[in-house]
Amino acid sequence: MRTNEINWKHAQRRGRGILETVMKITLDATALLSRPFGIGQYALNLIHALARQEAPHHYELLYHCMRESGRNFHVPEDPRFRRRLLRLPFAAADLALGKGKIPGDALLGRPDLFHATRNLLPRFRHAKSVWTCYDVSFKVEPAWFDPETARGLDERVKSCLDRADHVIAISRHTGEDLTCLYGYPSDRVTPILLGPSEAAREVAELPGSIPRPYILFVSSLEPRKNVARLVRAFSRMNTPHYLVLAGARGWKYEDIFREIVSSPRRDRIVWLDYVAPPLLAALYRHADLFVYPSLYEGFGLPVLEAMMHGCPVVTSHVASLPEVGGDAVLYVDPQDEMDLAEKMRQVVTDQALREDLVRRGTERVAIFDWNATARATLDVYKAILNM
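Residues numbered from 1 in each chain as written. Predicted model: local features only at pLDDT ≥ 70, side-chain atom pairs only at ≥ 80, totals over all residues. Heavy atoms only, no water.

Participant: What's the story with the overall build of the protein in this structure? I'm lost.
Facilitator: Of the regular secondary structure elements, the protein holds 13 helices and 15 strands. Here the C-alpha radius of gyration of the protein, 22 Å, is about what a compact globule of 387 residues would show, namely 21 Å. Viewed in the frame of its principal axes, the protein has a C-alpha envelope of about 65 × 45 × 45 Å. Across the 387 residues of the protein, 53% fall into the buried class. Restricting to contacts in the protein with at least 6 residues of sequence separation, those with at least 24 account for 67%. Surface exposure of the protein reaches about 17,500 Å², of which carbon and sulfur atoms provide 50%. (Helix = DSSP H or I, 4+ residues; strand = E, 2+ residues; numbered from the N terminus. Rg over C-alpha atoms; globule rule 2.2 N^0.38 Å. Buried < 20%, exposed > 50% of the residue type's maximum accessible area, 1.4 Å probe, protein only. Contact = heavy atoms within 4.5 Å. Areas by Shrake-Rupley, 256 points an atom, 1.4 Å probe, with all protein chains shown as cover.)

Participant: Hey, could you run me through the pairing of strand 12 (residues 269–273) in this one?
Facilitator: Moving residue by residue along a regular strand, the side chains alternate between the two faces of the sheet. Pairing between strand 11 (residues 242–246) and strand 12: 4 bridges, direction parallel. Along strand 12, the bridge assignment pairs V244 with V270. One crossover worth recording links strand 11 to the parallel strand 12 by way of helix 7 (residues 254–262), and it is right-handed. (Pairing = 2+ DSSP bridges. Right-handed = clockwise from strand over helix to strand, strands pointing away.)

Participant: Which parts of the structure should I look at to understand the packing of helix 6 (residues 227–235) against helix 7?
Facilitator: Packed helices, taken two at a time, are described by their axes: the angle between them and the distance between them. Viewed as axis vectors pointing N to C, helix 6 and helix 7 meet at an angle of 10°, and their least axial separation amounts to 8 Å. With respect to their mutual orientation, helix 6 and helix 7 come out roughly parallel. For the pair helix 6 and helix 7, the contacting residues are V227, A228, V231 and R232 in the first and D255, I256, E259 and I260 in the second. Each residue belonging to the contact of helix 6 with helix 7 can be placed in one class, and the counts come to 5 nonpolar, no polar and 3 charged. (Axes fitted to C-alpha atoms, helices over the stretch in contact; angles between N-to-C directions. Parallel < 35°, antiparallel > 145°, perpendicular 65-115°, else oblique. Nonpolar A, V, L, I, M, F, W, Y, C, P; charged D, E, K, R; others polar.)

Participant: Teacher, can you tell me more about the side chain of T174 here?
Facilitator: When you line up the elements, T174 lands in helix 5 (residues 172–182). You can call T174 buried: its relative accessible area is 0%. Polar contacts involving the side chain of T174 include one to the main-chain carbonyl oxygen of G298, which spans 3.1 Å. Excluding residues within four positions of it along the chain, T174 makes contact with C133, Y134, D135, A169 and G298. (Polar contact = N/O pair within 3.5 Å; in protein donor to acceptor, adjacent residues only side chain to side chain.)

Participant: How should I be thinking about the packing of aromatic side chains in this particular structure?
Facilitator: Note on aromatic pairs: each is described by the distance of the centres and the angle between the planes. Using the criterion set out here, one finds 14 aromatic pairs in the structure. Centroid distance Y42 to Y134: 5.3 Å. Interplanar angle 80°. Geometry classified as edge-to-face. Pair noted here: Y42 is in helix 1 (residues 39–52) and Y134 is in the loop between strand 7 (128–133) and helix 3 (137–140), with a separation of 92 residues, a long-range link. Judged by its relative accessible area of 13%, Y134 is buried. Between F290 and Y292, the ring centres sit 5.7 Å apart and the planes meet at 20°, which makes this aromatic pair stacked. Using a relative accessible area of 0% as the deciding quantity, one classes F290 as buried. (Phe/Tyr/Trp six-rings, centres within 6.5 Å; stacked < 30°, edge-to-face > 60°.)

Participant: Explain the nonpolar core to me, please; I cannot follow it from the model alone.
Facilitator: Considering soluble globular proteins, one finds that nonpolar side chains tend to be buried as a cluster. With 93 residues, the main nonpolar core has L216 and F290 as its most contacted residues. Tallying contributions element by element places helix 1 first for this core, with 8 residues. (Core = buried A, V, L, I, M, F, W, Y, C linked by side-chain atoms within 4.5 Å.)

Participant: Sorry, what's going on with the pairing of strand 14 (residues 313–316) here?
Facilitator: One ladder, built from 3 bridges, connects strand 13 (residues 289–292) with strand 14; its direction is parallel. Following the sheet pairing, F290 is matched in strand 14 by V313. The parallel pair strand 13 and strand 14 is bridged by helix 9 (residues 301–308), and the resulting crossover is right-handed. When strand 14 meets strand 15 (residues 330–332), the two strands line up parallel, connected through 3 bridges. Opposite V314, over in strand 15, you have L330 as the bridge partner.

Participant: What exactly am I supposed to notice about the environment of E141 here?
Facilitator: Within the secondary structure, E141 is located in the loop between helix 3 and helix 4 (147–163). The class of E141 is partly exposed, set by a relative accessible area of 30%. C-alpha separation for the pair E141 and V314, spaced 173 residues apart in sequence, amounts to 23 Å.

Participant: Quick question: what am I supposed to make of the sheet that holds strand 3 (residues 24–28) here?
Facilitator: In a beta sheet, neighbouring strands pair by backbone hydrogen bonds and run either parallel or antiparallel. In space, the 7 strands of this open sheet follow the order 5-4-3-6-7-8-9, with parallel pairing throughout. In this open sheet, the two strands that pair with only one neighbour each are strand 5 (81–86) and strand 9 (189–191). Direction aside, the axes of adjacent strands within the sheet are offset by 25° on average. Judged from the 3 bridges that link them, strand 8 (residues 166–169) and strand 9 form a sheet pairing that is parallel. Bridged to V167 within strand 9 is V189.

Structure (structure tokens):
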């Protein structure tokens, strides 16, 4: 047997005098086939953190695609990991596995446990299943989405909750939303917080084309991110700062660009579209302030990344954001334009306040760690398999 091969039959390993059962875990890595942010970042960081653990389990990374050429399949250089391709058209797979009643056991390699990282969870006859829930913003406020999108997401969440043996929520608040809005039993939800993205640690040079000094916002442009109100609040300020918006168009973003065009400070507002992680890290490091006035979050990873790079943060005191920010950020009422403008002004004009927020943020971010996320995830796997 070559060193990169492994016996993938159900096995047991003796360690420290205890017979340890080895799990065969299939984890959906399909989100990594596109630009890795959001769900893709979660899957990527979790996979690499699991690879750092000494647990002997076998992992199949499921990639749902029709062709291999031109694809970048992320598989750790570790004999415990290998990939599995699901060569079905997305519509057929959704019909068969998502909306249909065809069991996923044989089609997905008969795992002991399947971890759904997307809103697609098949039924299983024998395997146990875990589903990760990131947020239920479409349920909290359907107007943030197109009606058809909101209905579709709601149906998928209901399906995943119906089929999952256990749910991982990426914050306590998200877990509470599942209980309050869907009636899902709280004892079947485990909140497991995330860590800062590994990709965010690589830092590029800041291009000279980025105007300074600047206030930074990072996220896709969509209604719940509250960018239109941020633009109006920035327009009330009289500091020399630019407002740099780093994020691709999401949906229902037209009001944001209308606000930019009509702003009296439009010449000091810069939209960068999607920014690759190394440049994003540089933007955090050189910003005088990171502002994140979101109306709802399932976690709030940009807040964590800003603190990691020594950038003071102003963010909303809503949903999961206090779980991330703790006492290391300055909170704002995201519905109050005046409050937002004043909090931004305070931070960019008060050096002592800025230094205090940076110090607190550095201490705060140290408690968030992907290795801890991986260990807690493995604990969930073991619990539902009664190991």
